[in-house]
Amino acid sequence: MVITSRNDSPVFRRYANSQLNYALVYVVITLVVLLILNIYCSKVSQKLFYQSNERSMIEKCQLAADEISALDVINNSTVADTVEQLGSLKVNRLMVTDHLGWVIYDSYGTDVGKLALLPEIITALDCNDVFYWQYYDGAMQSHAATPLFTNSIVSGCVYMMEHDTAQGALIKSLQTTILRITIILELALILFSLTFSKTFSRRLRQIMASMRIIQQGDYTHKLKLGGHDELAFLGNEFNNLTEKLQTSEQKRARFVSDASHELKTPLASIKLLSDSILQNDMDMETVREFVGDIGNEAERLNRTTAKLLSLTKLDSRFSDECEIINIVPTVKRVIRMLSGIAKENNITIEADLEADNPILILEDDLYQIVFNLVENGIKYNIPGGKLYVKLLRQDDNAILSVTDTGVGIPDDAMDHIFERFYRVDKARSRATGGSGLGLAIVRAIVQRNRGHISIQTEMGKGSTFAVSFPIFDTEEEDL
Ligand code: ADP
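Residues numbered from 1 in each chain as written. Predicted model: local features only at pLDDT ≥ 70, side-chain atom pairs only at ≥ 80, totals over all residues. Heavy atoms only, no water.

A. Here's a closer look at the side chain of Glu120. Residue position: Glu120 is located in helix 3 (residues 119-125). Salt bridges are absent for the buried Glu120, whose nearest opposite-charge side chain, Arg93, sits at 9.2 Å. Among all residues touching Glu120, those that are not within four sequence positions of it are Val130, Tyr132, His143, Ala145 and Tyr159. (Helix = DSSP H or I, 4+ residues; strand = E, 2+ residues; numbered from the N terminus. Buried < 20%, exposed > 50% of the residue type's maximum accessible area, 1.4 Å probe, protein only. Lys, Arg positive; Asp, Glu negative; His and termini not counted. Salt bridge = Lys/Arg side-chain N within 4 Å of Asp/Glu carboxyl O. Contact = heavy atoms within 4.5 Å.)

Have a look at this one:
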């Protein structure tokens, strides 16, 4: 069988695009999350730096302020001496101003005598300790200022500035590393998403291609999906479904061929008989005989089509259609109906119908079961034979058994006895007007009514067909 792959069809492209869209959304979401993480990490590292520097800068400022406040005279040289005595403060710039902000001392020496309007100095002159830092030109610049007190009055302020390239480089490298990791992670994610979406699409494409093959009627096709994920599970379920389709397709084909064969045989006989009447010069007696045969064949056709219809109805009917009925009246009706044929065949029917029990079933269905079993018991019996019809209760089940003293059923036929159109002895079945559908109908009805059917048989001695149904206890239901 030639299989044309239509994976590039618009429908599939839509599915494939949706896969890509999912992958892109996934990538965007992870990108946003990574960016947020990136920003958070760099903020946390800066905060750590801020906290460790703030305390040391303010302490240095206060130390210098204490020493300078203790001076009798605060001027450029006295402050310079004090700063020198303090030793290494390890700051880049130190300024001291008076209470108006005029610079008394500047370690750079550039702004002495000038008005220093730095925001830190203005805040410190307002009686506050200040710390502020910024990342500038690859370095961390920390600014701190503290007020100078003389007799509890603000007499100026000490301002310090530290330009830390080592810490700056550390933070810079930390941020660069985080950014690099983010980019590598994102690239890996993009790669993973694309590969995943491609693999997923490829496997989906495999499933869709298999579906098309099945659509074209090749039920032997098997889908081979590796792995142990949901798609592999779906693949297994798909194969199971295909197997079921294949089985039911085989059954359907066999049924159609069997049914056509069954209908063809009486039709061919009718044709043959009517041709003979037309082509041969016959006396009235023979014509009557031939017409009688045509009638019999037509009757057989009628019976077969009626049974076929009955089977088709059973297939399409809902199983919850039923009524509560007693078994005995139906059994008696069937025996009455078939007593004529039984007499013709010299068969005695003995009925032993114990206390009747109600069951849930359609009366028509029960009639068909009993009719087919009793009719078979008569058809496949020996002349002068007997037929026992028994009804008894066993636990919560009503059991109806039909026992004949007939030919029995061979072992190898037991597996097929319920199949449509199956007959053990074709000639005998035809001679007795059998269609090979009776037991198939019986089994279908029994199964759909939650019943059970069993056969016991011995060649040359006879067979017992027993059907059991759960008793519908009306008293319990009423409680
Ligand atoms: P049919 O219309 O041919 O009787 P059934 O489906 O009722 O079709 O039965 C299928 C076959 O099973 C029959 O052709 C017959 O060979 C066998 N069979 C059914 N009932 C009995 C029986 N009581 N004793 C022996 N053989 C039976």
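B. Fine view of the nonpolar core. Core analysis: the largest hydrophobic core is formed by 45 residues, its most contacted members being Ile361, Ile369, Leu373, Val374 and Val467. Excluding anything up to four places from it in sequence, Val374 contacts Val334, Leu338, Leu387, Val389 and Val402. Counting 21 residues, the second-largest nonpolar core is a separate cluster that includes Val83, Leu89, Phe131 and Ala144. (Core = buried A, V, L, I, M, F, W, Y, C linked by side-chain atoms within 4.5 Å.)

C. Spatial organisation of the pattern of salt bridges. Evaluation of the coordinates by the stated rule reveals 16 salt bridges. The partner of Glu243 in a salt bridge is Lys222, with the nearest N and O atoms 3.8 Å apart. You can see Glu243 sitting in helix 5 (residues 230-279) and its partner Lys222 sitting in the loop between helix 4 (165-215) and helix 5, a full 21 residues away along the chain. Overall, Glu243 belongs to the partly exposed group, its relative accessible area being 40%. Among the residues examined, Lys222 registers a relative accessible area of 31% and is labelled partly exposed. With a closest N to O distance of 3.8 Å, Arg254 and Glu419 form a salt bridge. In this pair, Arg254 sits in helix 5 while Glu419 sits in the loop between strand 10 (397-404) and helix 9 (426-431), placing the two residues 165 residues apart along the sequence. In this structure Glu419 comes out as partly exposed when scored by relative accessible area, which is 27%. Taken together, the shared-partner salt bridges in this structure form one network comprising Arg93, Asp106, Asp111 and Lys114.

D. View of the packing of helix 5 against helix 6 (residues 284-316). Direction vectors running N to C along helix 5 and helix 6 enclose 165 degrees, while the axes themselves pass 9 Å from each other. Classified by the angle between their axes, helix 5 and helix 6 sit roughly antiparallel to one another. Judged by the sense of rotation from one axis to the other, the crossing of helix 5 with helix 6 is left-handed. Contact residues: helix 5 offers Phe255, Ala259, Glu262, Leu263, Pro266, Leu267, Ser269, Ile270, Leu273, Ser274, Ser276 and Ile277, while helix 6 offers Val287, Phe290, Val291, Asp293, Ile294, Glu297, Ala298, Leu301, Thr304, Thr305 and Leu308. (Axes fitted to C-alpha atoms, helices over the stretch in contact; angles between N-to-C directions. Parallel < 35°, antiparallel > 145°, perpendicular 65-115°, else oblique. Left-handed = near helix turned anticlockwise from the far one by under 90°.)

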